[in-house]
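So the chains spell out like this:
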Amino acid sequence: MNYFNLLLTRIKTEMEDLQAAGTLPLGLDFGPVGLDPPKDPRHGDVSTNAAMVLAKAAGKSPRDIASALVARLKAYPDTEAAEVAGPGFINLRLKAPFWYERLGEALLAGDAYGRSQFGASKGAINVEFVSANPTGPMHVGHARGAVFGDALATLLEFTGHDVKREYYINDAGAQVEVLARSAYLRYREALGDKIEIPSGLYPGEYLKDVGEGLVELYKSRFHNAPESEWLEPFREFAVAEMMGEIRDDLELLGVRHDVFTSERALVKQGKVDAALGDLKAKGLIYEGVLEPPKGKEPEDWEPRQQTLFRSTQFGDDIDRPVQKSDGSWTYFATDIAYHADKIRRGFGTLVDVWGADHGGYVKRMQAAVKAQSDGKVALDVKLCQLVKLMERGEPVKMSKRAGTFVTLKDVVDRVGRDVVRFIMLTRRNDAQLDFDYALVTEESRENPVFYVQYAHARCHSVLRNAAKEMPGVDLSAAALAKVELPRLTHPDELALIKVLASWPRSVESAAEAHEPHRVAFWLRDLAATFHALWNRGKEEEALRFLVDGDPSLTLARMALVRGCALGLAVGLRIMGVTPVEELR
RNA sequence: GCGCCCGUAGCUCAGUGGAUUAGAGCACUGGCCUCCGAAGCCAGGGGUCGCAGGUUCGAAUCCUGCCGGGCGCGCCA
């Protein structure tokens, strides 16, 4: 249970009573009323701005409203203090039993702690991520988008959203023809020809396997055949091979998709024509000439008649071309159709996870979604910034041309799936991320993966010791929920419960903001609070978790430790990281 | 030139309408292991939240302008 909601509901109930009593006028909008933890814990456990945001509409001073509310809020038995502070904040401090109840809830919920129906009313949501071109293996940059999208989807599922994970296969453009031609060279090479790879084709060694596969399938049938004969089958074969590799890479990372949508299939099914036809019917497609870009005009610029989409009507800077001069659709046109397809499938919210270099594309895509859904469907584009690979503070040099770029597989093989996943989520998506090989495998506080895993392992270590000392005692979460929690009286113990109790709200706000990195930060916070308490036991023996001769206190502390382990595990699982019970 | 993102401690970053004293890690200084895992903890110093206006009871957070960095800018996907 999100205790912020619980208290907010309480405050609203009291305000309604004040309305009934005539102290507050009717017809107030409680929407802006918020409840937050104060920055300074001395101000209380929670703080509400209710009196201040309602003052104007109520025609009363904030402090008057606050005093009236405080008088009522004080009366709750779980409330230790309710005070008016500053210009009219209301600070609440809850008694210990309130927090015992939260800990009990966490233990009873177990693996489902923090799970909610928060998003159930928000309609189906589509998260499209990775969508790497099927022209080569995935590199580190792709890993960030992959992990981000996967964790976001899990986060949304956890908070009750109806989520589909989707991959868009760009298998229709010029780049897959380049792939087919590159594969053709490797095919000839496999047949014994000496080949040279001209610039413009993909030089990667990884295509050798494709060439050999083609020989196996077609023998020498296309050896000296004209392109028109082999282009189609070679493209199909090469794309399938590349997608196979990409799926393998995604599996390495533990990333899964529900739906793979092929651009080629969209085109074949006439969905592009249909979507563009719809826009045309709305009067949003026209023939016109674009202004040259201001300032830095390209050398070869000349005015050109184009088929354009009126994206400016929906907030874009210029209208965008949808058709090439040879009559074929631009990438944008097929993307319009693709998003039309998602809209038709009934999603109320679309999330696209892209690389930061596609930033210039956001407005036109949002314009297209707005135009096609009549403003009913929201498109949130999450841009993932670059990942800078480092080795002890020095950037790892990468060059596609020299073939020294680092693949996703290289990184996962070297540091492991859990480390990659966790590190990718330790920054906001729009901030550049340094990924230091040395650092992420280091076992210290500097390395957030180990820091959090260590806290989890420590919890389990304590529980293992407890099991040894108290054989036969049930230390499961469900059993511990029923022990004498009021034995937990130390401020540091309550502090740990409070961090744990903030989880439902944290996970909910992370989901709402589409920001999975907040889970990582919450985990660090919980881990730090736990480590602090653990160490306190070194100085004050009375604070150790296992207390000789006082089984009821020990059990209460096991409840706390179990709760902590549970919170850490739940958060890690949302990130797709396996919580470990023992470090080796 | 235009658009988007970013600018918070020496470094890497959280915090995006809430208040006295803006947080964390690293680095720096000092302390804590016969003791549930020291792979950890505690304490201390360190900030005009890029600059200037504005909105507001209240701004790191919203708006405008400027400065600095990144990305992008007509048939590449």
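Throughout, a residue's number is its position along its own chain's written sequence, starting from 1. To read the labels, note that chains go from A and ligands from 1, taken in the order they are written. The predicted nature of this model means local features are confined to residues of pLDDT at least 70 and side-chain atom pairs, given and counted, to a pLDDT of 80 or more, with totals for whole chains, interfaces and linings taken over all residues. Side-chain measures were taken over the full set of non-hydrogen atoms in the model, leaving aside hydrogen atoms and water.

S.K.: It is not clear to me how the overall build of chain A should be interpreted in this structure. Could you clarify?
M.R.: When you go through chain A residue by residue, the secondary structure sums to 21 helices and 15 strands. Dimensions of chain A, computed from C-alpha atoms along their principal axes, come out at roughly 85 × 65 × 40 Å. A sequence separation of at least 24 residues applies to 72% of the contacts in chain A between residues at least 6 apart. For the accessible areas, the method is Shrake-Rupley and the probe is 1.4 Å, while residue cover comes only from the protein chains on display. If you sum the accessible surface of chain A, you get close to 27,100 Å²; carbon and sulfur atoms cover 50% of it. Measuring between centres, the 74 positive side-chain charges of chain A sit 3 Å from its 84 negative side-chain charges. Put simply, DSSP marks the helices as runs of H or I at least four residues long and the strands as runs of E at least two long, and each gets a number from the N terminus on. The criterion used for residue contact is that any of the two residues' heavy atoms lie within 4.5 Å. In summary, the charge assignment counts Lys and Arg as positive and Asp and Glu as negative, without counting His or the chain termini. Here the site of a charge means NZ on Lys, CZ on Arg, CG on Asp, or CD on Glu.

S.K.: Help me understand the packing of helix α6 (residues 174-190) against helix α8 (residues 227-253), please; the structure alone is not making it clear to me.
M.R.: A pair of packed helices is characterised by two quantities: the angle between their axes and the separation of those axes. Closest axis-to-axis distance for the α6/α8 pair is 8 Å, and the angle between their directions is 100 degrees. Between α6 and α8, the angle falls in the class roughly perpendicular. Here α6 contributes Val176, Glu177, Leu179, Ala180, Arg181, Ala183, Tyr184 and Tyr187 to the contact with α8, which in turn contributes Glu227, Trp230, Leu231, Phe234, Arg235, Ala238, Val239 and Met242. Ten residue types, Ala, Val, Leu, Ile, Met, Phe, Trp, Tyr, Cys and Pro, are classed as nonpolar, four, Asp, Glu, Lys and Arg, as charged, and the remainder, Gly among them, as polar. Tallied by class, residues from the contact of α6 with α8 come to twelve nonpolar, no polar and four charged. Axes, fitted as lines to C-alpha atoms, cover a helix only where it is in contact. Angles between the N-to-C directions of the axes lie from 0 to 180 degrees. Convention used here: angles under 35 degrees read as roughly parallel, angles over 145 as roughly antiparallel, angles from 65 to 115 as roughly perpendicular, and any remaining angle as oblique.

S.K.: Before we go on, may I ask you to explain the side chain of threonine 407 in this structure?
M.R.: When you line up the elements, threonine 407 lands in the loop between β14 (394-395) and α13 (408-415). Ignoring any residue separated from it by four or fewer positions in sequence, one finds threonine 407 in contact with Pro137, Met138, His139 and Val140.

S.K.: So what exactly am I meant to see when it comes to the domain arrangement of chain A here?
M.R.: Each domain's limits were defined by an automated method or a database of domain assignments. In terms of domains, chain A is made up of domain 1 (3-94), domain 2 (100-115 + 444-574), domain 3 (129-259 + 385-441) and domain 4 (269-357). The centre of domain 3, based on its C-alpha atoms, is set 27 Å off from the matching centre of domain 4. Contact residues are listed per partner, giving eleven residues for domain 3 and nine residues for domain 4. When two components associate, each loses some accessible surface as probed by a 1.4 Å sphere; the sum of these losses over both components is called the buried area. The contact between domain 3 and domain 4 buries some 850 Å² in all, and 61% of this surface belongs to carbon and sulfur atoms. Looking at the side of domain 3 facing domain 4, the largest losses of area belong to Glu166, Tyr168 and Gln385, adding up to 51% of the total buried there. Counted as salt bridges are all cases of a side-chain nitrogen of Lys or Arg within 4 Å of a carboxyl oxygen of Asp or Glu. Counting across the domain 3 and domain 4 interface gives one salt bridge. Between glutamate 166 and arginine 345 there is a salt bridge; the shortest N-O distance is 2.8 Å.

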